[in-house]
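What follows is each chain in one-letter form.
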Amino acid sequence: MRNMPPTYRILPVIENRSLGPYTYLRIEDPEMLLVARCGHFLMVGFSSSIDPFLPRPLSLFEVEENSFSILVKVRGRGSDLLSKTREGENLKILGPLGTPFNPPESGVLIAGGIGIAPLYYQSGWMKSGKLFYGTKKKEELILTREMEERDFTVKTITQENGGTVCDLVRMNKNDIEGEKIFICGPWDMIRALKEILGEFATNAFVYLERRMGCGLGGCKSCAVKTNSGYKLVCQEGPLFPLSEVRFD
Amino acid sequence: MIDLSVNLSGIKLKNPVILASGVWDLPYREIIDFDRLGGVIYKGVSLKPKEGNPPPRLTETPCGVINSIGLENEGVMNFIEEILPTLKESNTAIFSNIFGESIEEFSKLSSLIRDVSGIEVNVSCPNVDKGGLLFGKDPNIVYSITKSVCNETDLPVIVKLTPSSANIVEVAQAASDAGASAISAVNTFQGLVIDIETGKPLLKRGVGGVSGPAIKPLALYNVYQIAKSVDIPVIGSGGITTYQDALEYFFAGSSAIQIGSAIFNNPLAPIQIIDNLKKWMERKGYKNLKELKGKYE
């Protein structure tokens, strides 16, 4: 697939609202729709700020005609500041970055927590599928109705209700046979899923996240260990075949 | 008409802004117009490929960043065969940064590299167990490495120094005495970030190198001390993100500057620095960079 070169631009936030436990930021941009593909991510930085110094790697969440959106989970100072960006304020946007891919017409998506963000974007490129989705609490489950409207069968689980998405996958393993599988969530979940999926893991792909400095293959920070040595998430990812990823 | 060109002991650059080693790779050409830059220094290469340190390799610090990449690179032959021909498509001065774990490795590397504007000798990396700043702290070793590199190549030799040495002026003097054409000062400062959830260092290797605006006054002082003590030009680096930062470096005695981690914060920083420097000089009535250099004596 042809990958359009990324651009670096200062763009205004035009909407900031809560979506479950997350902050939904919509950014005005007439160009993203022309270039964005599955697997793309952005480096999102603070306008005219050297503290926080680094931009944050974030998945595309929605791309519309004149805007795109990202989903922010507050984890530290940077994401907290990002979540408080007001409408009209500018952000530095570098992207789209990463290696895009063509998703299948149908497949299985497995999301843990905010891992739903890139999978929701991916579902928009698919005709139908199955979503297995786990969060800590019930109020953290978002977009289940929208996913159903996209012809996805949705199965959810929460930790307060007795289980993780790994349990959900284990219970529904028959539904997964022969399907292409896409996973996004915490590292421990990915590691557990590799074991649970067993032979099906050869059909599975995983969105990985790493601390990133640049997003352009310059700083060599976002290395992930694979069967063929370290690979950079920003260049060869963020999507990797699950069978390639090393957990040792 | 403002003249931004510089001449570093015979290395002619169209302007003083150089992209530092270790922060960029080829994809950056899609964002930064390399034709506009004074020069670019490609990431340190060693004789054989190095896979680098285990992650996490980088995290943010107040007004900066700390890294422990460990000189991940594809080796010198990849640089010569794959990278250099691509970089040559740009109309800018290209420098190669070399890293060896022994004097012999530095010699061998410098004998292989041709067709660049100069070789930057890395004796200042904080993130390796052999070589790096362990060499760069010792004026005698820096003298020997510089001498052997200068013996192997006709290209201009730049020596990149660590701020970790007890006396950086002495090390700079040693490099100059051994035949270096210029000094790059400084590489990152050794630093530490601890993850309070685990009580352990956040970077897998523990110690890392700090860069960005946080180190600017520290780096600037090193540059000032070197510039007033050695005769060869100093290429200043450390926390430069704006033209105002660049001006401070020129006033402190830098002949040129390197932009490093600033491009993570703002990839267009090098270009903006060139444009804004020019505008500032026009406004203030300066005609060339020589008029600025070392004003603080």
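Residues numbered from 1 in each chain as written. Chains lettered and ligands numbered in written order. Predicted model: local features only at pLDDT ≥ 70, side-chain atom pairs only at ≥ 80, totals over all residues. Heavy atoms only, no water.

## Side note on the nonpolar core
- One finds Ile 110, Ile 183 and Leu 197 of chain A together with Trp 24 and Val 121 of chain B to be the most contacted residues of the largest nonpolar core, which totals 140 residues.
- Top element by residues in this core is helix 9 (residues 269-284) of chain B. It accounts for 7 residues.
- Each residue touching Val 121 of chain B, except ones within four places of it in the same chain, is listed here: Ile 98, Phe 106, Ile 145, Val 149, Val 157, Ile 158, Val 159 and Lys 160 of chain B.
- Leu 19, Cys 38, Ala 117 and Leu 143 of chain A belong to the second-largest nonpolar core, a separate cluster that totals 26 residues. (Core = buried A, V, L, I, M, F, W, Y, C linked by side-chain atoms within 4.5 Å. Buried < 20%, exposed > 50% of the residue type's maximum accessible area, 1.4 Å probe, protein only. Helix = DSSP H or I, 4+ residues; strand = E, 2+ residues; numbered from the N terminus. Contact = heavy atoms within 4.5 Å.)

## Points about the packing of aromatic side chains
- Summed over all chains, the structure comprises 14 aromatic pairs over all chains.
- Here Trp 24 of chain B and Tyr 42 of chain B contribute two aromatic rings whose centre-to-centre distance is 5.5 Å and whose plane-to-plane angle is 80°, an arrangement assigned as edge-to-face. Note that Trp 24 of chain B is positioned in the loop between strand 3 (17-19) and strand 4 (39-45) and Tyr 42 of chain B in strand 4, a separation of 18 residues in sequence.
- Cluster of aromatic residues (ring-pair linked, three or more members): Phe 101, Phe 182, Phe 205 and Tyr 207 of chain A. (Phe/Tyr/Trp six-rings, centres within 6.5 Å; stacked < 30°, edge-to-face > 60°.)

## Structural notes on the sheet that holds strand 10 (residues 182-185) of chain B
All names here are of chain B.
- Ordered by their spatial adjacency, 8 strands build a closed barrel running 3-4-7-8-9-10-15-16, and the pairing between neighbours is parallel. Recorded for the sheet is a direction-independent mean angle of 25° between the axes of neighbouring strands.
- Relative to the sheet, helix 1 (residues 76-87) contacts strand 4 and strand 7 (93-98), its axis offset from that of strand 4 by approximately 160°.
- Sitting on the sheet, helix 5 (residues 168-177) touches strand 9 (157-161) and strand 10, and the angle it makes with strand 9 is about 165°. (Pairing = 2+ DSSP bridges. Axes fitted to C-alpha atoms, helices over the stretch in contact; angles between N-to-C directions.)

## A look at the interface of chain A and chain B
- With 28 residues of chain A at the interface, the matching set in chain B holds 37 residues.
- The junction of chain A with chain B conceals about 2,700 Å² of combined surface from both sides, 63% of it contributed by carbon and sulfur atoms.
- For chain A, the biggest contributors to the area lost against chain B are Phe 53, Lys 220 and Tyr 230 of chain A; these three give 28% of the whole.
- Remark: the boundary between chain A and chain B carries 2 salt bridges. (Buried area = accessible area lost by both parts, 1.4 Å probe. Salt bridge = Lys/Arg side-chain N within 4 Å of Asp/Glu carboxyl O.)

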